[in-house]
Amino acid sequence: MSAPNTLNVCLGHLPFPQTHERHIDLMIAPRLIAGPKRLALVEDSYFGPHGSALSEYVQLLWLLDRLQPLAAGRDYIRIFHYRRFVSPEAPPVGQRSSNLPWATAIRAADLDAFESSFSRVSPGELFNTPVQFHGGMLYQYAQSHVLEDMLNFARFLTETAVLSPLECAEFLSMQLHIPSCNIGIFTKASYAEIFGVLRRAASFLDSPHFVSRTGYQRRSVGFLLERLNSYLIIRRIRGGISQSSFGHNLVISDTAVVSGTQ
């Protein structure tokens, strides 16, 4: 048997199904939850009074700050959420989500069929399912979120040289998007590079361009970082830095209609 080369990190404000907690090496949560043996409590205030706008990127960027000691002796980091993960193989059970057609909904009782999705021995990187959005990323963002936020974010990215003007134009015109792109398997070098850029971009939170939102849109910067996260992965693949290796988007849900995270 090969020696483990992958650290399994789970994120969530709710616990992963207790029957399969053995898959978790480290749970990072914004509040105390029962179950995992190794829990890092990282509250939204880690990024100040508006930290909740970053959503799970609070925990992901906290991990970046401690990447080397936490993943010492490992080559890869697998990120999954309390109800979402990437499978390297086509799911043998489940049903296509009716409201997220790029995802397959499974029940918690089906997790035994996905042991390979949590293996501590990884042959390479694995990214989530890419999709082609009609009208491109900017149009899709305007359908679901506040377009002004994306335009303000783009202005911030160029003003602070996180992206060059041409890179920002490419970002805004992307036709391909990877939903829930922060889950998957990353080399430590990939994670450090991708999330290093996202950390710089997260400073948008402290800029005069940031507008605090309420309700579902309160996680606005998390939505923005997800789009940038997707762009950075695709750019790495197109540049030959990472392999074009995509898996299957799995969501633990009792129904084909996947409810939004509140």
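Residues numbered from 1 in each chain as written. Predicted model: local features only at pLDDT ≥ 70, side-chain atom pairs only at ≥ 80, totals over all residues. Heavy atoms only, no water.

Some details on the packing of helix α1 (residues 57–65) against helix α6 (residues 188–201)
How two helices sit against one another is set out by the angle between their axes and by the gap between those axes.
Piece 1. Contact geometry of α1 with α6 gives a least axis separation of 10 Å together with a crossing angle of 125°. For the element pair α1 / α6, the angle class is oblique. Every pair of crossing elements has a handedness; the one defined by α1 and α6 is left-handed. Touching Tyr57, Leu60, Leu61, Leu63, Leu64 and Asp65 of α1 are Tyr191, Ala192, Phe195, Gly196, Leu198 and Arg199, all from α6.
Piece 2. Its residues placed into classes, the contact of α1 with α6 shows nine nonpolar, one polar and two charged. (Axes fitted to C-alpha atoms, helices over the stretch in contact; angles between N-to-C directions. Helix = DSSP H or I, 4+ residues; strand = E, 2+ residues; numbered from the N terminus. Parallel < 35°, antiparallel > 145°, perpendicular 65-115°, else oblique. Left-handed = near helix turned anticlockwise from the far one by under 90°. Contact = heavy atoms within 4.5 Å. Nonpolar A, V, L, I, M, F, W, Y, C, P; charged D, E, K, R; others polar.)

Describing the sheet that holds strand β7 (residues 103–106)
Piece 1. Across the sheet, which stays open at both edges, the four strands sit in the order β5-β12-β7-β6 with mixed pairing between neighbours. Each edge of the open sheet carries a strand with a single partner, namely β5 (84–87) and β6 (95–96).
Piece 2. Inspection of the sheet shows β5 paired to strand β12 (residues 248–252) by four bridges, in the antiparallel sense. Its bridge partner being in β12, valine 86 is matched across the sheet by asparagine 249. (Pairing = 2+ DSSP bridges.)

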